[in-house]
Amino acid sequence: MATWADLVLLILLMVVLLCRPSFAFYLPGSYMHTYSTGDKISVKVNSLTSIETELPFSYYSLPYCRPNEGIKKSAENLGELLMGDQIDNSPYRFKVNANESLFLCTTKPLGEHEVKLLKQRTRDLYQVNMILDNLPAMRYTQQKNGALIQWTGFPVGFTLSGGSEDYIINHLKFKVLVHEYEGSGVQIIGTGEEGLGVISEAEKKKANGYEIVGFEVIPCSVKRDPEVVSKLNRYDQIDPVSCPLELEKSQIIREGERVSFTYEVEFVLSDIRWPSRWDAYLKMDGARVHWFSILNSLMVIFFLAGIVFVIFLRTVRRDLTTYEELDKEAQAQMNEELSGWKLVVGDVFREPGYPKLLCVMIGDGVQIAGMAVVTIIFAAFGFMSPASRGMLLTGMIILYLFLGIAAGYIGVRLWRTIKGTSEGWRSVSWSISCFFPGIVFVILTVLNFILWGSNSTGAIPISTYFVLILLWFCISVPLTLLGGFFGTRAEEITYPVRTNQIPREIPARKYPSWLLVLGAGTLPFGTLFIELFFILSSIWFGRFYYVFGFLLVVLFLLVIVCAEVSVVLTYMHLCVEDWRWWWKAFFASGSVAVYVFLYSINYLVFDLRSLSGPVSAILYMGYSLIMAFAIMLSTGTIGFLMSFYFVHYLFSSVKID
């Protein structure tokens, strides 16, 4: 008979196999690739992206030059596939420290479909993304005021304002920054993107050389003489080009035109060291404003939370002290004369409506909150660098799968507490493992059909769908059932008071209590809306998000505020003899998701004004809905668990006959 150790070992083996071990974990600064003078290095190309449509497309969907050996996809992890990255090889070849100007290829005469596609991609502001030694190509544009704006990638083409003609970018001037490195006495772990491993002494000598610390590109459009280029072969030398050129010397996008692609490469020695090569990509405009805004937000929230906590603490302690100092006759007289939380002692632990749904949502909330906390902690300590594409998303998925144990445990234990029996725990565990993933799966499937219809690389491949389903039902579901089993064996939570058979009538109120619950979400929203802006900007504008230290502080603050808000709202409802606190405690902090979703709509209308087309809007709203739903479950769970502990502690602290 298999033991628990065998089961855990089998699960770990499945995860390792499914997650493609060829992609090892990337710790910034832990490995690098050094090159010798004359070594050949290749440029890779990623999907074409645009902030106009948010629909990524394959690089070779346009009539670009193809490599002689054919198109070969690079090994991808699960996160890259879900993010729509499609990394392929390209015909661009460099020789280390060799400055060259080379001819690449000339296309066939452009057909009607190719012209239409090129013009559409140009006017939708699509960017070409190239990668050299895991560094994205970066370009700079100078504004009229002299300021430099940094971009990753370069445009497919350009259209002059008010002009009817479009021009294609067909000449690239690359600048590769290299740092001379001496590896004597230094042990390097790994020598490339293929994996990790301690190199031998013989290989250490090869480590001496040059490391790539920067990759810049200047794009321009050049109209080549057809007779001259017809005599050239791939990688033949050509004359350098001074960019930008006059409009009449640029390559127009027109039916029947043959487009010649060329490039130049220049190697420049740099003082930038390899561990610091990503600093240029992680620079953020307005960093001082960002820091000041976050600090100001934290101070305001700490101040408000402190006031709420002090008032609440004084009120509860005064009530408890006054109540316990009275003798039995005085307590009885007080119960008859006064109203408040003391009068609902026989109903406060009465079974809530839809108890199974509550247990399922709490279980899923624990799983999501745990995943978020652990992921952000790892990212804050630098274990998930932007250099490892897809690693953040892959890590989140793996953490979510394994935290199914915690979800099943908490959900089933709450079920036992409410029902007083373990009967039905399997159904609760199954529901926990299928509720949130099922909703996300349905939304992603609908969005995926839209992406498939648009021939976008953002569509999840069928093979990846099967991998996700396999991970779901072979890892997440069994672990959730295992956690539920442990929940049935855990120590039972007993109520400190007995529940009356007849429920107490709740006094009528002038306004619905749900208005107060809905309004309570504004305080947690105040802790994260600034950070939410930067997160949305990084997602929808293709910027790198790296301030995980701030995000960790904001997350810690959000947990505190959610707990306090739910406890205070629960206490207020008990004081007006409203004993139906279970769901209200959940939605008091969970209602922050409503404001997050409304803010997402506001961001779409006022900040993503360039986003065009109903497909892009549907994708944005679908992903925003998933995000808001996950936030509701996680924040609502935090508030409910704290309120449950508070109510249990409050009524166990009072002597009641």
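Since the model is a prediction, treat every value here as computed from it, not as a measurement.

**Q** Can you walk me through the layout of surface pockets in this structure?
**A** A probe as big as a water molecule, rolled over the atoms, marks out the empty space that is left. What the second largest pocket holds in volume is close to 950 Å³. Around the second largest pocket sit 37 residues that line it, and Arg-139, Thr-141, Pro-155, Ile-169 and Pro-219 are the ones nearest its centre. Within the residue set of the lining of the second largest pocket, elements represented by two or more residues are strand E4 (100-106), helix H3 (112-123), strand E8 (138-142), strand E11 (157-159), strand E13 (171-181), strand E14 (209-220) and strand E15 (260-269). The dominant element in the lining of the second largest pocket, judged by the number of residues it contributes, is E14, at 5 residues. Of the residues assigned to the lining of the second largest pocket, the class counts are 20 nonpolar, 9 polar and 8 charged.

**Q** Hey, could you run me through the environment of Glu-69 in this one?
**A** Within the secondary structure, Glu-69 sits in the loop between strand E2 (40-45) and helix H2 (78-83). Taking C-alpha positions, Glu-69 is 9.4 Å from Asn-89, a pair spaced 20 residues apart along the chain. For Glu-69, the side chain forms a polar contact with the side chain of Asn-89, separated by 3.4 Å.

**Q** Can you walk me through the state of the cysteines in this structure?
**A** A disulfide bridge is the covalent bond that connects two cysteines by way of their sulfur atoms. Under the criterion given, the structure shown has 2 disulfides. Two residues, Cys-65 and Cys-105, share a disulfide whose sulfurs are 1.8 Å apart. Given an S-S torsion of about -90°, the disulfide between Cys-65 and Cys-105 has left-handed geometry. Highlighted residues: Cys-65 in the loop between E2 and H2 and Cys-105 in strand E4, separated in sequence by 40 residues. Each member of the pair Cys-65 and Cys-105 is classed as buried.

**Q** Quick question: what am I supposed to make of the environment of Ile-168 here?
**A** Within the element layout of this structure, Ile-168 appears in strand E12 (residues 166-168). The class for Ile-168 is buried, based on a relative accessible area of 1%. Along the sequence, Ile-168 and Leu-118 sit 50 residues apart, while their C-alpha atoms lie 7.8 Å from each other. When near neighbours in sequence (up to four residues on either side) are disregarded, Ile-168 contacts Leu-118, Val-156, Gly-157, Ser-221, Gln-251, Ile-253, Val-259 and Phe-261.

**Q** Teacher, can you tell me more about a nonpolar patch on the surface here?
**A** A cluster of nonpolar side chains, contributed by Trp-430, Phe-449, Trp-452, Ile-462, Phe-466, Ile-469 and Phe-473, occupies part of the molecular surface with about 720 Å² of accessible area. At the level of elements, helix H11 (425-453) and helix H12 (462-489) are the ones that each hand at least two residues to the nonpolar patch. The element that contributes the greatest number of residues to the nonpolar patch is H12, accounting for 4 residues. With respect to the helices, strands and loops of the structure, Trp-430 is situated in helix H11. The exposure class assigned to Trp-430 is partly exposed, which follows from its relative accessible area of 41%.

**Q** What is the right way to look at the packing of aromatic side chains in this model?
**A** Centre-to-centre distance and the angle between the planes together describe a pair of aromatic rings. This model, assessed by the stated rule, comprises 44 aromatic pairs. Ring plane angle 55° and centroid distance 6.3 Å describe the contact between Trp-425 and Phe-485, whose orientation is recorded as tilted. In this pair, Trp-425 is assigned in helix H11 and Phe-485 in helix H12, connecting sequence segments 60 residues apart. On the numbers, 5.9 Å between centres and 50° between planes, the contact of Phe-441 with Trp-472 is tilted.

**Q** What should I look at first to understand the packing of helix H8 (residues 355-380) against helix H15 (residues 548-575) in this one?
**A** A pair of packed helices is characterised by two quantities: the angle between their axes and the separation of those axes. At a minimum axis distance of 8 Å, the contact between H8 and H15 shows a crossing angle of 145°. Crossing angle aside, the handedness with which H8 passes H15 is left-handed. The residues of H15 that touch H8, namely those facing Ala-372, Val-373, Ile-376, Ile-377, Ala-379 and Ala-380, are Phe-548, Gly-549, Leu-551, Leu-552 and Leu-555. Taken together, the residues of the contact of H8 with H15 break down into 10 nonpolar, 1 polar and no charged.

**Q** Even after reading the chapter, I still don't get the sheet that holds E2, so can you show me in this structure?
**A** Strand pairing within a sheet occurs via backbone hydrogen bonds; the two strands may be parallel or antiparallel. The sheet built from 4 strands is open, its strands ordered E3-E2-E6-E7 with antiparallel pairing. Looking at which strands have only one partner, the edges of the open sheet turn out to be strand E3 (88-95) and strand E7 (135-136). In the sheet, E2 pairs with strand E6 (residues 130-132) via 2 bridges, with the strands oriented antiparallel. Paired with Val-45 across the two strands is Met-130, which belongs to E6.

**Q** What is the right way to read the nonpolar core from this model?
**A** For soluble globular proteins, nonpolar side chains are generally found buried alongside one another. In terms of nonpolar packing, the biggest core is built from 120 residues, with Phe-94, Met-130, Phe-174, Phe-215, Phe-640 and Phe-651 touching the most fellow members. Ranked by residues supplied to this core, first place goes to helix H18 (residues 614-652) with 16 residues. Every residue in contact with Phe-640, bar those within four places of it in the chain, is listed here: Leu-358, Ile-362, Leu-414, Ser-566, Trp-581, Trp-582, Ala-585 and Phe-586. Counting residues in each nonpolar core, the second largest holds 11 residues, with Ile-376, Tyr-545, Val-547 and Leu-551 among its members.

Cut-offs and rules
- Residues numbered from 1 in each chain as written.
- Predicted model: local features only at pLDDT ≥ 70, side-chain atom pairs only at ≥ 80, totals over all residues.
- Heavy atoms only, no water.
- 1 Å grid on protein atoms, 1.4 Å probe; cavity = no way out; pocket = protein on both sides within 12 Å on 5 of 7 lines; lining within 4 Å.
- Points joined across faces, edges and corners; volume = space filled by probe spheres on them.
- Helix = DSSP H or I, 4+ residues; strand = E, 2+ residues; numbered from the N terminus.
- Nonpolar A, V, L, I, M, F, W, Y, C, P; charged D, E, K, R; others polar.
- Polar contact = N/O pair within 3.5 Å; in protein donor to acceptor, adjacent residues only side chain to side chain.
- Disulfide = S-S within 2.5 Å.
- Buried < 20%, exposed > 50% of the residue type's maximum accessible area, 1.4 Å probe, protein only.
- Contact = heavy atoms within 4.5 Å.
- Patch = residues over 30% accessible without salt bridge, like charges linked within 9 Å, V, L, I, M, F, W, Y side chains within 5 Å.
- Areas by Shrake-Rupley, 256 points an atom, 1.4 Å probe, with all protein chains shown as cover.
- Salt bridge = Lys/Arg side-chain N within 4 Å of Asp/Glu carboxyl O.
- Phe/Tyr/Trp six-rings, centres within 6.5 Å; stacked < 30°, edge-to-face > 60°.
- Axes fitted to C-alpha atoms, helices over the stretch in contact; angles between N-to-C directions.
- Left-handed = near helix turned anticlockwise from the far one by under 90°.
- Pairing = 2+ DSSP bridges.
- Core = buried A, V, L, I, M, F, W, Y, C linked by side-chain atoms within 4.5 Å.

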